[in-house]
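Spelled out from the first residue to the last, the chains are:
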Amino acid sequence: MARFIDELKRSHTCGELRLSDVDAEVVLMGWVQRTRDRGGVIFVDLRDRDGLTQVTFDKSEDEAAFTIAGQLRSEYVIAVRGTVRDRGEQRNDKMPTGGIEVVGHEVEILNTAKTPVFPIQEEVNATEETRLAHRYLDLRRPILQRNLRMRAKAYHATRNVLAEHGFIEVETPYLVKYTPGGARNFLVPSRSPGNFYALAESPQLFKQLLMVAGYDRYFQIVRCFRDEDLRGDRQPEFTQIDIEMSFVNQDDVFSICEKLVFRLWKEVLGVDLSERYPDGTFPRLRFEDSMRLYGNDKPDRRFDLHHTDLTALTVEHAGGGIGMLEPLAAKFADGTYRVDLPEEIVKAMRVPADHPMSRKQVDELEAYVKTMGAKGLGRAKVGDDGAWTQSPFAKQVTDGFRLAVNEACGAQPGDLILLMFGDEQLVHTCMANLRLKLGKDLGLIPGFGSGDDWNLLWVVDPPLFERGEQKDTWVAAHHPFTRPHDACVDSITSDPGTVLCHRYDLVLNGVEIAGGSIRLHDSEVQAKVFSAIGLSEEEAKEKFSFLLEGLQHGAPPHGGIAFGFDRLAMLLTESESLRDVLAFPKTARGNDLMTGAPGPVDDRQLADLKIKTV
RNA sequence: GGGACGGUAGUUAAGUUGGUUAUAACGCCGGCCUGUCACGCCGGAGGCCGCGGGUUCGAGUCCCGUCCGUCCCGCCA
């Protein structure tokens, strides 16, 4: 029988002993963080998931233990029996357990360890590549242990809140039928020749059918799979808190989400969001306003630096003397472009005088927008008399246009006006990212993390359709089962671009943390939507057969939402990347550097699946 | 699919206009030290400079290709 493990049980963790435990006989187990050999005495910092405790071995008092202690190396797994002693003058205020030490009377090496590839400590001093290849070591680091424990708290809080509100947790299939459109699916071959499963992008269709089936309130913490290019905040498999509710409108969905977020912040961070949102709701911003002011649908409103749309002014002034703007203005004047659905726009952003920018800095901003496909970035420094200097437009611009632009931007002497024009989407992308970059560069928000500022808002009332690749065609902006505003139903076929819908995103500090919609359960309106996106009845049936069929069997009015759980965890833990809140994440190319996935398989496997590689 | 940056001892990095034997810190190994706590002191080992090709008398350094990592655009109904 083993002395430790079987006979001597662990009595404490390495993070809990205090001065009040002095003289206690304890048994600790854990990993060797570091040893300090002073000759006649050896100090060992012992680590487990709760912390560090110093264990001391004295040659003159416990020679057998001292001899073993001399053999200890980093990351050896050991068990120690000893007595808690007051460190007196020698205490270490940097450690929670620093008031005491354990005098080791008996020690056993439970397992040796190879020299770690990188040291296990708070500060990262290895590249992410090295860390990912040895993830089991990286996961020993206190910061990742903390992140995953906070994530576990968030799971727990989520289940509690939703269960309290009558939600039923139901699992749905991961292996599903492939449906075209949307994100690229991961495919899973089956032994039926030529037939494949797809890994579910989300439980969207299933959760709607659960509403049809009368489950009324469903939720699931569920893995989703999308075979698209990755980012710091996008993994090929990710976790959603998936929610669907029957007999509800948009406000009802918002209400449950607000309760969930309040509880998450309370239970995971101890932060009371009601200090900031006393009525328990988050502000709402119309999609159109979000695009106009910030250039995207997930604005970070911890700082201002909003955009000013100058399209109408440009048209009014016929380009304002600026040669490059004249063709654009002309297209509005002759009716090629619609003012309410512009294909090209002119936007400006005012950088206030208290953030002076050098010519070189503005050049860098221009280089930055060019990496996103912009042709250039207009600029004008506003002088005391409102004149433009340091600007390529200074000599061309008419006085009227210049003054109108200054006024529209609220520009004061010393301010800098940054200007972009052209394709609507390109201008929005560039100007939105430019705003964020400036926010960070000027120190208005931190490079990542909340800065203790939790700015939540709903972005509501987006258009149901967006332009397709072909001229004058439309596609569903989200999915074609989103309910349009009642007032817009007549426009679905006559003027699709103007139709708004009951879709919504919850945005926190510039990150979309949830998105959903009220669903379309009325088959007449549904038919109009399909028609607007050029989908025949037959095609629609083929694409969404079981959902359409189900919706015809007494579907209640319903709607729902899905939270990006990993992103929530990332924000709650103040992490820079999703990879820091996942135990075993993949790289930007979708590789697992530890396991080597994806990797080749045996020919035998492929033969069983009737698959040939090329 | 497009772009930017990076890949050099176990780890993190430096490496000049191409030029002797490729540096440093930490880690590792050996020795010394009874109060350290990023312990200290002495000594030592450790390299396919991502991979392949090219230019050159000579390549870590220049050129082409390729793989890998990070980020951005596109993409993510």
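What you are looking at is a predicted structure, and each value in this text was computed from that prediction instead of being measured.

Student: How do you make sense of the domain arrangement of chain A when you look at a structure like this?
Tutor: How big an interface is tends to be stated in terms of accessible area lost as the parts join. Per the domain assignment, the segments of chain A are domain 1 (2-111), domain 2 (134-277 + 558-614) and domain 3 (303-441). Using C-alpha coordinates to define each centre, domain 1 is positioned 65 Å away from domain 3.

Student: Sorry if this is basic, but what is going on with helix α15 (residues 537-551) here?
Tutor: Residues separated by three or four positions in an α-helix point in the same direction, a consequence of the helix having 3.6 residues per turn. Between the first and last C-alpha of α15 there are merely 15 Å, a value that for 15 residues lags more than 12% behind the 21 Å anticipated at 1.5 Å per step. Along α15, the residues classified as buried are Ala540, Phe544, Leu547, Leu548, Gly550 and Leu551. The secondary structure elements touched by the buried residues of α15 are α5 (204-212), α14 (523-532) and β23 (558-564).

Student: How do you make sense of the pairing of strand β4 (residues 77-86) when you look at a structure like this?
Tutor: For a regular strand, the rule is simple: side chains alternate between the two faces of the sheet. Counting buried positions along β4 gives 7 out of 10 residues, so the element sits mostly inside the fold. Taken together, the 7 bridges between strand β1 (residues 25-37) and β4 define a ladder with antiparallel strand orientation. Residue pairing across strands places Leu28 opposite Val80, the latter belonging to β4. Where β4 and strand β5 (residues 100-111) come together, 10 bridges link them in antiparallel fashion. Within β5, the residue paired with Val77 across the bridge is Asn111.

Student: I would appreciate a short explanation of the protein's contact with RNA strand B in the present structure.
Tutor: Inspection of the region around RNA strand B gives 49 residues, with Arg34, Arg36, Asp37, Arg87 and His478 positioned closest. The sugar and phosphate moieties of RNA strand B supply 57% of its atoms located within 4 Å of the protein. Between RNA strand B and the protein, one listed contact pairs a base oxygen with a side-chain N or O atom of Asn92 at 3.0 Å. In this structure, Ala588 approaches RNA strand B through a main-chain N or O atom, which is 2.7 Å from a phosphate oxygen. When contributions to the surface near RNA strand B are tallied by element, the ones reaching two or more residues are β1, β2 (41-48), β3 (51-58), α2 (128-133) and α12 (424-441).

Student: Would you explain the layout of surface pockets in this entry?
Tutor: Gaps left between atoms show up when a probe the size of a water molecule is rolled over them. The volume enclosed by the second largest pocket comes to roughly 700 Å³. If you go around the second largest pocket, you meet 27 residues; those closest to its centre are Arg47, Gly51, Leu52, Met95 and Pro142. For the lining of the second largest pocket, the elements supplying multiple residues, two or more each, are β1, β2, β3 and α4 (142-164). Per element, the largest residue contribution to the lining of the second largest pocket is 5 residues, and it comes from α4. Split by residue class, the lining of the second largest pocket holds 6 nonpolar, 7 polar and 14 charged. Residues lining the lining of the second largest pocket come from more than one domain, with at least three contributed by each of domain 1 (2-111) and domain 2 (134-277 + 558-614).

What counts and what doesn't
- Sequence order as written defines the numbering, with residues in each chain counted from 1.
- Each chain gets a letter, beginning with A, and each ligand a number, beginning with 1, in the order they are written.
- Local features in this predicted model are restricted to residues of pLDDT 70 or higher, and side-chain atom pairs are both shown and tallied only at a pLDDT of 80 or more, whereas totals for entire chains, interfaces and linings draw on every residue.
- To obtain the side-chain values, all non-hydrogen atoms of the structure were included, while hydrogens and water were left out.
- An automatic or database domain assignment supplies the residue ranges for each domain.
- Each helix is a run of H or I in the DSSP string that is no shorter than four residues. Each strand is a run of E no shorter than two, and both are numbered from the N terminus.
- By this rule the span expected of a helix is its residue count minus one, scaled by 1.5 Å.
- For every residue, the accessible area obtained with a 1.4 Å probe (protein chains only) is divided by the maximum for its type, and the residue is called buried under 20%, exposed over 50%, and partly exposed between those limits.
- The contact definition used throughout considers only heavy atoms, calling two residues in contact when any of these lie within 4.5 Å.
- When DSSP finds two or more bridges between two strands, those strands count as paired.
- Throughout, near means a residue has at least one heavy atom within 4 Å of the molecule or strand.
- Under this definition, polar contacts are N or O atom pairs within 3.5 Å; protein pairs additionally need one hydrogen-donor-capable and one acceptor-capable atom, and for neighbouring residues in sequence, both atoms have to be side-chain atoms.
- Note on definitions: the grid is 1 Å and covers protein atoms alone; a cavity is a set of points where a 1.4 Å probe fits but cannot get out; a pocket is an open set with protein on both sides within 12 Å along at least five of seven lines; lining residues have an atom within 4 Å of a point.
- Grid points are joined across faces, edges and corners, and a volume is the space filled by probe spheres set on the points.
- Gly is placed with the polar residues, together with every amino acid not listed as nonpolar (Ala, Val, Leu, Ile, Met, Phe, Trp, Tyr, Cys and Pro) or charged (Asp, Glu, Lys and Arg).

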